[in-house]
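# Structure at a glance
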Amino acid sequence: MNCGGALIHPNLFLTAAHCHASFKKQVFVGPVTQYWDANMEIINVERQIPFPAFRELPVDDIMIVQLAWPSTKATVEYNRRAQVPAFGDTVTAVGAGLTTEGGSVSLYVEHVDMPTTNCADLPAWLLREGPDNHVCAGRNGKDACQGDSGGPLLANGVLVGIVSAGIGCGRRPGVYTRVSKYLDWIDDTICQYGSFPLPAGCPPVTPPAASPQNLPDREPEEAAERTPSPAALDTAFPTSNDYEKVPSAAGTSFPTASE
Ligand code: ARG
């Protein structure tokens, strides 16, 4: 099954850790449809950086994927405020997953607006680590679905959550990884794996001093190569491109915390 993500730095996107199988080789960055799209970029995956404690969704279901070269698409701001979103705030999930439970994948990248809800309403087996690590949102037919995993949950255009788990689709609120809980790890990972220029808050990168014993044996061209083009076009939501058709889940008789 396909997954989504959100570009947080020109060469890094944020997604769900349970999406590791979807992001092994290549991603589509900035597509409008599932398939060929003249506006999208096709970029190789350099490495996957799952949150170190991740074992199983929806606990610590967060991962950063490093691209082999920077995208030129606009990045999305990620939420730094623990109290955002508040209960009842309108949030927007974005993805190209199934349009109905057990249905078919959406041809286009779509979005749905819905209110956040109290995670405590969900069964304990779905929220194994307690409600504070998640944002919960939707119900009454408004929800993410299979194939939307890893994709963004936005509040006023700011990335507040990552599609992680749910019970079927549209029946109960969906469960999203709460981005602000992982702020230090995200900031640190950008400083460590981000292309230049790095955010202002990163520790300075000190090049080794040039001394006769320490001369570069190659031209120092890497930094220039890694500088992204300034042309930020539109906000990019990468999706994996090893999409394959999935069997309909219509015969499933009991709900599971589905991938
Ligand atoms: N884990 C699912 C995926 O891989 C997403 C589940 C979200 N489900 C929901 N009802 N909100 O795509």
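Residues numbered from 1 in each chain as written. Predicted model: local features only at pLDDT ≥ 70, side-chain atom pairs only at ≥ 80, totals over all residues. Heavy atoms only, no water.

## Some words on the nonpolar core
Grouped together as the largest cluster of nonpolar side chains are 36 residues, with contacts concentrated most on I8, L14, L159 and I186. Among the elements that line this core, the one with the most residues is helix α1 (residues 183–193), at five residues. Every residue in contact with I186, bar those within four places of it in the chain, is listed here: I8, L14, I62, I64, Y78 and V179. M114, V135, L153 and V160 belong to the second largest nonpolar core, which has 13 residues in total. (Core = buried A, V, L, I, M, F, W, Y, C linked by side-chain atoms within 4.5 Å. Buried < 20%, exposed > 50% of the residue type's maximum accessible area, 1.4 Å probe, protein only. Helix = DSSP H or I, 4+ residues; strand = E, 2+ residues; numbered from the N terminus. Contact = heavy atoms within 4.5 Å.)

## Some details on the sheet that holds strand β10 (residues 158–165)
Ordered by their spatial adjacency, six strands build a closed barrel running β6-β7-β8-β11-β10-β9, and the pairing between neighbours is antiparallel. Averaged over neighbouring strand pairs, the angle between their axes works out to 45 degrees when direction is ignored. The sheet contact formed by strand β6 (residues 90–95) and strand β9 (residues 152–155) spans two bridges and is antiparallel. Across the sheet, the residue bridging to T92 is L154, located in β9. (Pairing = 2+ DSSP bridges. Axes fitted to C-alpha atoms, helices over the stretch in contact; angles between N-to-C directions.)

## A word on the packing of aromatic side chains
Overall, the coordinates contain three aromatic pairs when judged by the stated rule. For the pair F13 and F23, a centre-to-centre distance of 4.9 Å together with 70 degrees between the ring planes defines the contact as edge-to-face. Placement of F13 in strand β2 (residues 12–15) and of F23 in the loop between β2 and β3 (26–29) is noted, with a sequence separation of 10 residues between them. For F23, a relative accessible area of 0% puts it in the buried group. Ring centres of F51 and W185 lie 5.3 Å apart, and the angle between their planes is 80 degrees; this geometry places the pair in the edge-to-face category. Taken together, the residues F51 in the loop between β4 (41–50) and β5 (63–67) and W185 in helix α1 connect sequence positions 134 residues apart. We note that F51, like W185, is buried. Among the aromatic residues, those joined into a cluster by ring pairs are F51, Y182 and W185. (Phe/Tyr/Trp six-rings, centres within 6.5 Å; stacked < 30°, edge-to-face > 60°.)

## Examining unusual backbone geometry
L57 connects to P58 through a cis peptide bond whose omega is 0 degrees. If you check the backbone angles, D60 has positive phi at about 50 degrees while not being a glycine. Topologically, D60 is positioned in the loop between β4 and β5. Even without a glycine there, the phi angle at N140 is positive, about 50 degrees. The residue N140 is located in the loop between β8 (134–137) and β9 in this model. You can call N140 exposed: its relative accessible area is 72%.

## Re the state of the cysteines
Between two cysteines, a covalent bond joining their sulfur atoms is known as a disulfide. Scanning all chains against the criterion turns up four disulfides. The side chain of C145 participates in a disulfide bridge whose partner is C169; the two sulfur atoms lie 2.1 Å from each other. Of note, the bridge from C145 to C169 carries an S-S torsion of about 85 degrees and is right-handed in sense. Here C145 is found in the loop between β8 and β9, whereas its partner C169 is found in the loop between β10 and β11 (174–178), with 24 residues between them in sequence. Take C145 and C169: they sit in the same class, and that class is buried. Here C191 engages in a disulfide with C202; their sulfurs sit 2.1 Å apart. Since a negative S-S torsion denotes a left-handed disulfide, the C191-C202 link at about -90 degrees is left-handed. (Disulfide = S-S within 2.5 Å.)

## Focus: the confidence of the model for the protein
Averaged over every residue, the pLDDT of the protein is 84; the share at 70 or more is 80%. Within the model, the stretch residues 219–234 combines pLDDT values under 50 with 24 contacts to residues more than four positions away or in other chains. Considering only residues more than four positions removed or in separate chains, one finds that residues 241–259, a stretch of pLDDT under 50, has 31 contacts. (pLDDT = per-residue confidence, 0-100.)

## Some remarks on α1
Three or more residues of α1 are buried, namely L183, W185, I186, T189, I190 and Y193. Down the axis, α1 shows its buried residues gathered within 165 degrees of arc, on one side only. Structural note: α1 exposes D184, D188 and Q192 on the side pointing more than 90 degrees away from its buried face. (Arc of directions from axis to C-beta.)

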